[in-house]
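# Reading the structure
Letter by letter, the chains look like this.
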Amino acid sequence: MFILGHIGITLVVFYIASLAIPSLKRHLDYRFIALGALLPDLIDKPIGRILFEDVFASGRLFAHTLVFVIVILVAGYVYFRHRGDSRIMLVAGASFLHLLEDRMWMAPQTFFWPVFGWEFAQGHSYGSFLEYFMNIARHVYSPDFSFALISEISGLLIVLFLVYKHRN
């Protein structure tokens, strides 16, 4: 999944939850949900694909673990209890949805890190972040319909719908 897919699908999950649980609406801040939807990639891609490509060769590291989400959730809960502000918990929830959207249960060594050891699974090295990014873009935005392309189109449509729905 790519940027629009993560943002759009995560936003619509929170939007549908707010329809099912109306009291949730007052706690939603879609900016923090969008941040949480991208946070695992914003952290792990620079670490594993730019700074330490030769060590990890992966964009799924610390922020793609349940431990990461649990730490943010606990911090958010403490902050909520003291300040009544749920935005950090929104980031945790959106980050958890990111992990589900990435199907991280298929990579249990990372998802359940450090239960299966302190090492992360070695990924494929592309040589540079630009080569990695271009490879992803070729696969996502190719004429063939792929899961990634469908999620990007869906994410774009969802974002456009929610912007239209919440315009002033």
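One can find the structure itself at the top, above this paragraph.
Each value, and the rule that gives it
Residues numbered from 1 in each chain as written. Predicted model: local features only at pLDDT ≥ 70, side-chain atom pairs only at ≥ 80, totals over all residues. Heavy atoms only, no water. Phe/Tyr/Trp six-rings, centres within 6.5 Å; stacked < 30°, edge-to-face > 60°. Helix = DSSP H or I, 4+ residues; strand = E, 2+ residues; numbered from the N terminus. Buried < 20%, exposed > 50% of the residue type's maximum accessible area, 1.4 Å probe, protein only. Axes fitted to C-alpha atoms, helices over the stretch in contact; angles between N-to-C directions. Parallel < 35°, antiparallel > 145°, perpendicular 65-115°, else oblique. Left-handed = near helix turned anticlockwise from the far one by under 90°. Contact = heavy atoms within 4.5 Å. Nonpolar A, V, L, I, M, F, W, Y, C, P; charged D, E, K, R; others polar. Core = buried A, V, L, I, M, F, W, Y, C linked by side-chain atoms within 4.5 Å. Patch = residues over 30% accessible without salt bridge, like charges linked within 9 Å, V, L, I, M, F, W, Y side chains within 5 Å. Areas by Shrake-Rupley, 256 points an atom, 1.4 Å probe, with all protein chains shown as cover. Salt bridge = Lys/Arg side-chain N within 4 Å of Asp/Glu carboxyl O. Polar contact = N/O pair within 3.5 Å; in protein donor to acceptor, adjacent residues only side chain to side chain.

The final tally for this structure, using the stated rule, is ten aromatic pairs. Centroid distance Phe62 to Phe120: 4.9 Å. Interplanar angle 85°. Geometry classified as edge-to-face. Taken as a pair, Phe62 in the loop between α2 (30–51) and α3 (66–83) and Phe120 in the loop between α5 (108–111) and α6 (129–140) lie far apart in primary sequence, 58 residues in all. We classify Phe62 as partly exposed; its relative accessible area is 33%. Summarising the aromatic geometry, the rings of Trp113 and Trp118 are spaced 5.4 Å apart at their centres and angled 85° between planes, so their arrangement reads as edge-to-face.

Here the focus is the environment of Met134. With respect to the helices and strands, the residue Met134 is situated in helix α6. Placed 85 residues apart in sequence, Met134 and Arg49 show a C-alpha to C-alpha distance of 13 Å.

So, about the packing of α2 against helix α4 (residues 87–101). The contact between α2 and α4 brings their axes to 7 Å, and the two run at 50°. Here α4 runs oblique to α2, going by the angle between their axes. As for the relative orientation of α2 and α4, their crossing is right-handed in sense. For the pair α2 and α4, contact is made by Phe32, Ile33, Leu35, Gly36, Ala37, Leu38, Leu39, Pro40 and Asp41 and by Arg87, Leu90, Val91, Ala94, Ser95, His98 and Leu99, respectively. Residues that form the contact of α2 with α4 fall into these classes: eleven nonpolar, three polar and two charged.

Let's shift gears to the nonpolar core. Soluble globular proteins tend to bury their nonpolar side chains together. Formed by 13 residues in total, the largest nonpolar core has its most connected members in Ile7, Leu11, Phe14, Leu28, Ile33, Leu90 and Leu162. When residues in this core are grouped by element, the largest group, four residues, is from helix α1 (residues 3–20). When residues no more than four places from it in sequence are discounted, the contact partners of Phe14 are Leu28, Ile33, Leu90, Gly93, Ala94 and Leu97. Counting residues in hydrophobic clusters, the runner-up holds ten residues, among them Ile72, Val91, Ala92 and Leu99.

All right, on to unusual backbone geometry then. The amide bond that connects Trp113 to the next residue, Pro114, takes the cis arrangement and shows omega of 5°. Within the fold, Pro114 resides in the loop between α5 and α6. Positive phi outside glycine occurs at Ala57, with the angle close to 50°. Ala57 gets classed as buried once you look at its relative accessible area, which sits at 1%. One non-glycine residue, Arg103, adopts positive backbone phi at about 55°. By the secondary structure assignment, Arg103 is in the loop between α4 and α5.

All right, on to a nonpolar patch on the surface then. Taken together, Ile50, Leu51, Phe52, Val55, Phe129, Leu130, Phe133 and Met134 make up a surface patch of nonpolar side chains, about 750 Å² in accessible area. Counting residues per element, the ones that place at least two in the nonpolar patch are α2 and α6. Considering every element that reaches the nonpolar patch, the biggest residue donor is α6, with four residues. On the basis of relative accessible area, Met134 is assigned to the partly exposed category, the value being 40%.

Another aspect to go through is the side chain of Lys45. Checked against the element boundaries, Lys45 lands in helix α2. Polar side-chain contacts of Lys45 include one of 3.4 Å to the backbone oxygen of Gly59.

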